[in-house]
Every structure is written in C-alpha cells, then in structure tokens.
Amino acid sequence: MANPSLKNEELYETLREKGMSKEKAARISNAEANPDMHPSEKGGKAPPYEDWTKDALYARAQEIDIAGRSTMTKPELIKALRAH
C-alpha cells in the first residue's frame, strides 16, 4: 500500500534498507523530491544551534517531539536536537 505522505517511496525504501529510521528516511526522501530543498548539498543556511535562543531551540524540539524538552538547558536542547 502506497504511503501518500512519502514523495519518493523508492528512495525511502533504499534508506530503510540501509538502516535509517522511518522518520529520517522519510525526511530525506521528501526533501530530495522537493526542488526547493537540496539535501545532498553540504551545509545549510540555518545558523548553528549555539546561535539560536533557548526559546527557538525549545520550539524546534517541540516540533520534532523531543521528550523531556521542558526541563532541558540550552546545551541539553542542542545535544538532543543534534542526536535526533
């Protein structure tokens, strides 16, 4: 059964076979299918997490549902976001 939220199912399946999590494989395959995103290009346009405010880090952690984020310090939020 096709998953309508996946933009590139073939790439998704390839990434899953290589051992990536479902979430990471979906993010990469969908980014690859979007002409405005360039996941193969090294480096992004966003500043490093150290330059973000704690509120911005918390909001990003909330978007991706990192558990325990409400009690984390700024360095802990950075570590959790990088580990995600």
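Residues numbered from 1 in each chain as written. Predicted model: local features only at pLDDT ≥ 70, side-chain atom pairs only at ≥ 80, totals over all residues. Heavy atoms only, no water.

Draft legend 1. Up close: the environment of Thr-73. Checked against the element boundaries, Thr-73 lands in the loop between α3 (54-63) and α4 (74-83). In this structure Thr-73 comes out as partly exposed when scored by relative accessible area, which is 38%. Residues Thr-73 and Lys-54, spaced 19 residues apart in sequence, show a C-alpha to C-alpha distance of 7.9 Å. (Helix = DSSP H or I, 4+ residues; strand = E, 2+ residues; numbered from the N terminus. Buried < 20%, exposed > 50% of the residue type's maximum accessible area, 1.4 Å probe, protein only.)

Draft legend 2. Local environment of the environment of Glu-9. Tracing the chain through its elements places Glu-9 in helix α1 (residues 9-17). Owing to a relative accessible area of 31%, Glu-9 belongs among the partly exposed residues under this scheme. Sequence separation of Glu-9 and Ser-29 is 20 residues, and the distance between their C-alpha atoms is 7.3 Å.

Draft legend 3. Spatial organisation of the nonpolar core. By size, the foremost hydrophobic cluster in this structure holds 11 residues: Tyr-49, Trp-52, Leu-57, Ala-61, Ile-64, Ile-66, Met-72, Leu-77, Ile-78, Ala-80 and Leu-81. Of all the elements in the fold, those that place two or more residues in this core are α3 and α4. With 4 residues, α4 is the largest single contributor of residues to this core. Once you skip the residues sitting within four places of it in the chain, Met-72 turns out to touch Lys-54, Ile-66, Ala-67, Leu-77 and Ala-80. (Core = buried A, V, L, I, M, F, W, Y, C linked by side-chain atoms within 4.5 Å. Contact = heavy atoms within 4.5 Å.)

Draft legend 4. The arrangement of unusual backbone geometry in detail. Non-glycine residue Asp-65 carries a positive phi angle of around 60 degrees. Its place among the elements puts Asp-65 in the loop between α3 and α4. Accessibility expressed as a relative area gives 60% for Asp-65, which makes it exposed.

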